[in-house]
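What follows is the residue order along each chain.
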Amino acid sequence: MNTKTYLNADLHCHSVVSDGTMQPEDLAERAAKNGVELWALTDHDEIGGQARAAHAAHANGMAYLTGTEISVTFAKETVHIVGLGFDAEDPAMVAGLAATRGGRGERAQQISDGLAQVGIKNAYEGALKYVSNPDLISRTHFARFLVESGVCSSTHEVFRNYLVEGKPGFVPHLWANLGDAVRWITSAKGIAVIAHPGRYKFTANEEYALFSEFKTHGGRAVEVVTGSHTVAEYVKYADMAQEFDLAASRGSDFHCPQESHTDLGSLPYLPGKLTPVWELLTERIQTP
Ligand code: AMP
Ligand code: MN
Ligand code: MN
Ligand code: MN
């Protein structure tokens, strides 16, 4: 497999196995049509779609890396750590992800209770209609239900008004520990990647602590070019990748044709000065 920097790699997206709306097979076809050469499906806290995704990638002529996006709590904030190229059967990884998913059902009931207090009834049942994987109910499913019921006109509006800190449907939750998440990935022969760092509401000191501790635990890459970043953030995190000697990743974070601004495979290439994460994963890439 060619591991050039200017590769159309899309190493971050979601299927119905978490909070995306498309089947892994349909995502693979869409990615290939958009010119993706190396693909990873990275469902939240889940690897149930990996075998289907790898198979569909190969059927569409793409190389594949296993993927997931682990929810972590760091400095009282939720941080996402993408894992790439790990062994999807590794027992510690499988158990760690199951434990991370574990609290989602009860959290969803509490989200529903919070929404009921402001007059939005039966949100749990409503959200469930959008859930394919009963272990993986997420805020996104609530957002889709609130759009359907006419409470808001877009999922972004639902998040802003109902599902973030200080709003009625927000429930604080303790996700995985940073060190544990990084170790599950690396012990399973994968590479841990800080997802969309530009999205976290950290002070400069907290962000520095995240990058430093991530490295101490064995993390080796950061998303630089992602659908969640502005062009200014590509520049900022390219510099931070160099400062912390981290490889760089690229991924759309595509969830749904109607909701996602960034389509699969449509982002700019990584800056040429960076080491692409796929250069660290040559042995782990599954070619067609
Ligand atoms: P959860 O894991 O249940 O907390 O849900 C997190 C997911 O919600 C993220 O992965 C995004 O897909 C989605 N999300 C978070 N913030 C927003 C937002 N402001 N607008 C739309 N979707 C969002
Ligand atoms: Mn999501
Ligand atoms: Mn994320
Ligand atoms: Mn994501």
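Bear in mind the structure is a predicted one, so any value in this text is a computation, not a measurement. (Residues numbered from 1 in each chain as written. Chains lettered and ligands numbered in written order. Predicted model: local features only at pLDDT ≥ 70, side-chain atom pairs only at ≥ 80, totals over all residues. Heavy atoms only, no water.)

A. Layout of the overall build of the protein. In terms of helices and strands, the protein carries 10 helices and eight strands. What you see for the protein is a C-alpha radius of gyration of 18 Å, in line with the 19 Å of a compact globule of 288 residues. The principal-axis extents of the C-alpha atoms in the protein amount to approximately 55 × 45 × 40 Å. Across the 288 residues that make up the protein, the buried fraction comes to 54%. Of the roughly 12100 Å² of accessible surface on the protein, a fraction of 49% belongs to carbon and sulfur atoms. (Helix = DSSP H or I, 4+ residues; strand = E, 2+ residues; numbered from the N terminus. Rg over C-alpha atoms; globule rule 2.2 N^0.38 Å. Buried < 20%, exposed > 50% of the residue type's maximum accessible area, 1.4 Å probe, protein only. Areas by Shrake-Rupley, 256 points an atom, 1.4 Å probe, with all protein chains shown as cover.)

B. The coordination of the manganese ion (ligand 3), seen in detail. At 2.1 to 2.2 Å from the manganese ion (ligand 3) lie its protein donor atoms, namely E69 (OE), H80 (ND1) and H196 (NE2). On the primary sequence, the residues serving as donors to the manganese ion (ligand 3) are separated as E-x10-H-x115-H. Between the manganese ion (ligand 3) and the manganese ion (ligand 2) the interatomic distance comes to 5.7 Å. Of the two residues, H80 is situated in strand β5 (residues 77-84) and H196 in the loop between β6 (191-194) and α9 (204-216); the sequence distance between them amounts to 116 residues. Residues H80 and H196 agree in their burial class; the two are buried. (Donors = N, O, S within 2.8 Å, 3.2 Å for Na, K, Ca; no water.)

C. Focus on helix α8 (residues 178-187). Residues of α8 that are buried: L178, G179, A181, V182, W184 and I185. Where α8 is buried, its residues meet β4 (67-74), β5, α3 (91-101), β6 and α9. The positive-phi residue at the C-terminal boundary of α8 is K189, with phi of around 70°. (Contact = heavy atoms within 4.5 Å.)

D. Structural context of the domain arrangement of the protein. Each domain of the protein was delimited in the assignment, giving domain 1 (9-100 + 174-280) and domain 2 (104-163). Here the C-alpha centroids of domain 1 and domain 2 sit 25 Å apart. On the side of domain 2, 12 residues touch domain 1, which itself brings 15 residues to the contact. Both faces combined, the contact of domain 1 with domain 2 buries some 970 Å², and carbon together with sulfur accounts for 44% of it. Looking only at domain 1, the three residues that lose the most surface to domain 2 are D19, W175 and E259, adding up to 46% of its buried area. Here domain 1 and domain 2 share two salt bridges between them. Note that D45 and R104 form a salt bridge whose closest N and O atoms lie 3.0 Å from each other. Where domain 1 packs against domain 2, one counts seven residue pairs in polar contact (both at pLDDT 80 or more). By residue class, the composition of the side of domain 1 that touches domain 2 is four nonpolar, seven polar and four charged. (Domains from an automatic or database assignment. Buried area = accessible area lost by both parts, 1.4 Å probe. Salt bridge = Lys/Arg side-chain N within 4 Å of Asp/Glu carboxyl O. Polar contact = N/O pair within 3.5 Å; in protein donor to acceptor, adjacent residues only side chain to side chain. Nonpolar A, V, L, I, M, F, W, Y, C, P; charged D, E, K, R; others polar.)

E. Up close: the environment of L264. With respect to the secondary-structure elements, L264 resides in the segment after β8 (247-251). Residues L264 and K121, 143 residues apart in the sequence, show an inter-C-alpha distance of 35 Å. Ignoring any residue separated from it by four or fewer positions in sequence, one finds L264 in contact with D10, C13, L27, R30, A31, N34, V36, W39, S252 and F254.

F. Representation of the coordination of the manganese ion (ligand 4). At the metal site, the manganese ion (ligand 4) is ligated by H12 (NE2), H14 (NE2), E69 (OE) and D253 (OD), and these contacts range over 2.1 to 2.2 Å. Expressed as a motif, the donor residue spacing for the manganese ion (ligand 4) is H-x1-H-x54-E-x183-D.

G. Molecular detail of the sheet that holds strand β3 (residues 63-64). On the basis of which strands lie adjacent, the open sheet formed by three strands has the order β1-β2-β3 and parallel pairing. Looking along the sheet, the strands with just one partner apiece sit at the ends: β1 (9-10) and β3. By the bridge criterion, two bridges tie strand β2 (residues 38-39) to β3 in an arrangement that is parallel. The residue of β3 that forms the bridge with L38 is A63. (Pairing = 2+ DSSP bridges.)

H. Quick look at the packing of aromatic side chains. Tallied over the full model, the rule gives seven aromatic pairs. Clustering of aromatic rings is evident, with ring pairs tying together Y208, F211, Y237 and F244. (Phe/Tyr/Trp six-rings, centres within 6.5 Å; stacked < 30°, edge-to-face > 60°.)

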